[in-house]
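The residues making up each chain are set out below.
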Amino acid sequence: VSFTFDIRFAAFHGLVDAFLSEEYGWLWEGPIKHIHIGDFAGEPMDWGALRSCLHPREGKIDFQRFFAYLAKVGYKGTVTVESTSVAEDGRMLTEKLNDTFAYLRSLEMQK
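As a starting point, this report considers the structure included with it. (Residues numbered from 1 in each chain as written. Predicted model: local features only at pLDDT ≥ 70, side-chain atom pairs only at ≥ 80, totals over all residues. Heavy atoms only, no water.)

### Structural notes on the nonpolar core
- Grouped together as the largest cluster of nonpolar side chains are 25 residues, with contacts concentrated most on Trp28, Ile35, Phe63 and Phe66.
- Among the elements of the structure, α1 (7-12), β2 (32-37), α3 (47-50), α4 (63-73) and α5 (94-109) are those that each provide at least two residues to this core.
- A per-element tally of this core places α4 first, with five residues.
- Other than its neighbours up to four places away in sequence, isoleucine 35 contacts Phe5, Trp28, Phe66, Leu70, Tyr75, Thr78, Val79 and Thr80. (Core = buried A, V, L, I, M, F, W, Y, C linked by side-chain atoms within 4.5 Å. Buried < 20%, exposed > 50% of the residue type's maximum accessible area, 1.4 Å probe, protein only. Helix = DSSP H or I, 4+ residues; strand = E, 2+ residues; numbered from the N terminus. Contact = heavy atoms within 4.5 Å.)

### A closer look at the side chain of serine 85
- Tracing the chain through its elements places serine 85 in the loop between β3 (78-81) and α5.
- With relative accessibility at 9%, the residue serine 85 sits in the buried group.
- Other than its neighbours up to four places away in sequence, serine 85 contacts His55, Arg91, Met92, Leu93 and Leu97.

### Digging into the environment of glycine 25
- Tracing the sequence through the fold places glycine 25 in the loop between α2 (16-19) and β2.
- On the accessibility criterion, glycine 25 (7% relative accessible area) is buried.
- Sequence separation between glycine 25 and glutamate 58 is 33 residues; the distance between their C-alpha atoms is 27 Å.

### Digging into the layout of surface pockets
- Considered as a void within the structure, the second largest pocket measures approximately 230 Å³ in volume.
- Surrounding the second largest pocket, 13 residues form its lining, Ala11, Gly14, Val16, Lys60 and Ile61 being those nearest its centre.
- Tallied by class, the residues present in the lining of the second largest pocket amount to six nonpolar, two polar and five charged. (1 Å grid on protein atoms, 1.4 Å probe; cavity = no way out; pocket = protein on both sides within 12 Å on 5 of 7 lines; lining within 4 Å. Points joined across faces, edges and corners; volume = space filled by probe spheres on them. Nonpolar A, V, L, I, M, F, W, Y, C, P; charged D, E, K, R; others polar.)

### Focus: the sheet that holds β2
- Strand order across the open sheet formed by three strands is β1-β2-β3, with parallel pairing between neighbours. In this open sheet, the two strands that pair with only one neighbour each are β1 (3-6) and β3. Neighbour to neighbour, the strand axes of the sheet diverge by 25° on average, direction disregarded.
- Its contacts with the sheet put α4 on β1 and β2, and the angle it makes with β2 is roughly 165°. (Pairing = 2+ DSSP bridges. Axes fitted to C-alpha atoms, helices over the stretch in contact; angles between N-to-C directions.)

### Here we look at the pattern of salt bridges
- Counted according to the given criterion, the structure contains five salt bridges.
- Measuring nitrogen to oxygen at the nearest pair gives 2.6 Å for the salt bridge that ties aspartate 99 to arginine 57. In this pair, aspartate 99 is assigned in helix α5 and arginine 57 in the loop between α3 and α4, connecting sequence segments 42 residues apart.
- The salt bridge involving arginine 91 is made with aspartate 89; its shortest N-O contact spans 2.9 Å.
- Take aspartate 89: its relative accessible area is 55%, and that puts it in the exposed class. (Salt bridge = Lys/Arg side-chain N within 4 Å of Asp/Glu carboxyl O.)

Structure representation (structure tokens):
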């Protein structure tokens, strides 16, 4: 059985630290095959804050720590950026999306 890990929902449930602990390290060695990346700005179980799919650095998740942990455990799966990149008027926020990709690539380089 494989799983997708959504860091935004982990933050919503207050479980990011648990998933980055040694107790759950075995999940990153095989069962977790895919990660959804989006930030979260609320407190645990803050349903109102869950509605926005924020880009990394717009919320509270420490992505530098998260990617360092992935490098430490040797995560080999895939990643999807799952953040809103369309303005209310329908314009694509290309610069914002490219900035997010550049930021995530910079974290990946720190392995």
